[in-house]
Structure formats: structure tokens, C-alpha cells
Amino acid sequence: LQADVARVLRNLNYDIEEEVIEESTGYSLDIYLPKENMVVEVDGPFHYCKDSKQPLGSTVLKHRHIRGIGYVMVTVPYWDWAVTDVKERDVLAGAGGGVGEEAKEEYLLG
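Note that the coordinates shown come from a computational prediction; the quantities given were computed from them, not determined experimentally.

## Section: the confidence of the model for the protein
Low pLDDT marks regions whose predicted coordinates should not be analysed in detail. The predicted model of the protein has a mean per-residue pLDDT of 80, with 74% of residues at 70 or higher. Within the protein, helix α3 (residues 78-95) has the poorest average pLDDT of any element, 53, and strand β1 (residues 17-21) the best, 96. Segment residues 86-100 is flagged for pLDDT under 50; beyond a separation of four residues in sequence, or across chains, it makes nine contacts in the model.

## Observations concerning unusual backbone geometry
Residues other than glycine seldom take positive phi values, yet N13 does so here, at roughly 70°. Secondary-structure assignment places N13 in the loop between α1 (2-11) and β1. Look at N37: it is not a glycine, yet its phi comes out positive at around 50°. Mapped onto the elements, N37 comes out in the loop between β2 (28-33) and β3 (38-43). N37 sits in the partly exposed class, given a relative accessible area of 30%.

## Some words on the side chain of Q2
Here Q2 lies in helix α1. Look at Q2 and you get buried, because its relative accessible area is 19%. A distance of 3.4 Å separates the side chain of Q2 from the side chain of E18, its partner in a polar contact. Sequence-distant contacts of Q2, that is, excluding residues within four places in its chain, are made with E18, E19, D30, I31 and V42.

Calculation notes
Residues numbered from 1 in each chain as written. Predicted model: local features only at pLDDT ≥ 70, side-chain atom pairs only at ≥ 80, totals over all residues. Heavy atoms only, no water. pLDDT = per-residue confidence, 0-100. Helix = DSSP H or I, 4+ residues; strand = E, 2+ residues; numbered from the N terminus. Contact = heavy atoms within 4.5 Å. Buried < 20%, exposed > 50% of the residue type's maximum accessible area, 1.4 Å probe, protein only. Polar contact = N/O pair within 3.5 Å; in protein donor to acceptor, adjacent residues only side chain to side chain.

Spelled out as C-alpha cells, the structure:
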């Protein structure tokens, strides 16, 4: 999942770094975009309470700390990206291929 998000960002010509250790907190940042001072956290199922979309306390705290020290923070929950995958497959099936990345790019660019 994280590799897929990173690939889409690279395709959009963003300069990214993966698994960067943030010096002041010690947190591992999934994806860091230095020019934008942005962190993209790709949160899989283990970041959420069982059978829920409620984030764990540790995930909420990490996100709060990252924002609190001045980063722009984007969270990509696994269920949102999964829906984007379905949209991509639908688009590819209907359009003959080549445009599937647009749904994911639009998701990331908001």
C-alpha cells in the first residue's frame, strides 16, 4: 500500500523520501516530501481498532505530534485507497487502460 502511494507521488513528479526518521520525535515517517514540508502517513488496518475506522490512540498521537511540530500532514487510510483501487479497475475496464492512475492522483491531490 505504501509503495503504491509512493509510486503515484513519484509519477506526479514529487520529490519523496520513504521511512524517514523524524529527528525531534523519533517517529518513522512513511513518506516525506521535503519541498512541501509534508508527511504522508499510509495507515493500514493495524492503525485502527478491530472492525472499525476508529484510529488507535498511538496513531492519533503520532499524527498530532507530526502536525504540532509544523509538518503538513496527509493521512491515507487503507479503506480509501482500496476504493480508489476499485475505481481504477473500473476506469481501466471501461477505457481500455492507461488512465487508472488518475483516480489515485486525484485522491492525493484532493
